[in-house]
Amino acid sequence: MKKIAKLLCVFAALALAMPAMAQFNLKKAINSAKKVGEAVTLTDEDMNNYVKEYITWMDTHNKVCEPDHPYTQRLNKLTEGLTSVNSTPLNFKVYWVVDVNAFACADGSVRVFAALMDIMSDEELLGVIGHEVGHVANKHSKKAFKTALLASALKDGVGATGGTAAALTDSQLGDLGEALTNAKFSQKQENEADDYGYDFLKDNGKNPWAMSMSFKRLKAIQEEQGIGKTSKINQLFSSHPDLDKRIQRMEKRAKDEGITPPAQK
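Residues numbered from 1 in each chain as written. Predicted model: local features only at pLDDT ≥ 70, side-chain atom pairs only at ≥ 80, totals over all residues. Heavy atoms only, no water.

J.: If you had to explain the sheet that holds strand β5 (residues 109-113) to someone new, which residues and values would you point to?
T.: Spatially, the three strands line up as an open sheet ordered β3-β5-β4, and their pairing is mixed. This sheet does not close on itself; its edge strands, each paired only once, are β3 (91-95) and β4 (102-104). Pairwise comparison of adjacent strand axes, ignoring direction, gives a mean angle of 15 degrees for this sheet. Where β4 meets β5, three bridges bridge the pair, whose relative direction is antiparallel. Considered in β5, the bridge of Phe103 is made with Arg111. Against the sheet, helix α4 (residues 70-78) engages β3 and β5, with an angle of about 150 degrees to β3. Against the sheet, helix α6 (residues 122-137) touches β3, β4 and β5, its axis set at about 35 degrees to β4. (Pairing = 2+ DSSP bridges. Helix = DSSP H or I, 4+ residues; strand = E, 2+ residues; numbered from the N terminus. Axes fitted to C-alpha atoms, helices over the stretch in contact; angles between N-to-C directions. Contact = heavy atoms within 4.5 Å.)

Now the structure itself:
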């Protein structure tokens, strides 16, 4: 599951500027999840149930913008036509939180944070969404969640009986949350997600220049805030490979295919 919570990228300045929003708390979310105990062997059905349970809890315990909220209306308009990935229906919601973040789950749930929407154009947001969906399509998110779950369950010599690990303690669940937050994808996985996101947007009638535009925006944020490559903001797209290379890759594809960049607003 991911990016399922890949990246808690908190912007202190934004947090101070928007006190009305809640603070997103991944560790609390994981600590409150139920039945996260089987770990040595996990079937596809097990994983699907965990993902469903996780996103249900997240939607319940984080402020979700109402259907008529301007954030929701903007996201719905932006994602019109993006209905599924690999036959899995997509559903989109906005979390009213101060974190600069977005994630997508293996069940097709895509969550965009309000603070991210505040600092990105529609095209830039599409690039974020395309990338996140790319990790889901390539099953990177599912593998990352399973790896984190197994590592947490087996840490400190947690015993297994009949192929199933003992129930996780609060501490172990906290470790799981931290592992998901700090999860990083390989260069190959990042490139696969970028390429899928590009094709996904293009095949659904969106301008794939959105991919490079989103990377450029993240780079600009880093430069504006004096943030180095090791900063948490970089976790939104990982730091591997670096943003410059990803911008170049996506722009080259679009230019080679003769696609015109969208007009800047």
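So that's the structure; there's more coming.
J.: A description of the packing of helix α10 (residues 209-225) against helix α11 (residues 243-256) should follow, citing residues and the corresponding values.
T.: The N-to-C vectors of α10 and α11 enclose an angle of 155 degrees; their axes lie 8 Å apart at closest approach. Relative to α11, α10 is oriented roughly antiparallel. Crossing handedness for the pair α10 and α11: left-handed. Together, Trp209, Met211, Ser212, Phe215, Lys216, Leu218, Lys219 and Gln222 of α10 and Leu243, Asp244, Arg246, Ile247, Met250, Glu251, Ala254 and Lys255 of α11 make up the contact between the two elements. Looking at the contact of α10 with α11 residue by residue, the class counts come to eight nonpolar, two polar and six charged. (Parallel < 35°, antiparallel > 145°, perpendicular 65-115°, else oblique. Left-handed = near helix turned anticlockwise from the far one by under 90°. Nonpolar A, V, L, I, M, F, W, Y, C, P; charged D, E, K, R; others polar.)

J.: I'd like a description of the pairing of β5, backed by residues and values.
T.: Burial within β5 is extensive, with five of its five residues counted as buried. Covered by surrounding structure in β5 are Ser109, Arg111 and Phe113 together with Val110 and Val112, the residues of both alternating faces. In textbook terms, the turn of a hairpin is the stretch between consecutive antiparallel strands, and for β4 and β5 this stretch comprises four residues, one of which, Gly108, has a positive phi near 95 degrees. (Buried < 20%, exposed > 50% of the residue type's maximum accessible area, 1.4 Å probe, protein only.)

Geometric descriptors of this kind do not, in isolation, establish any biological role.
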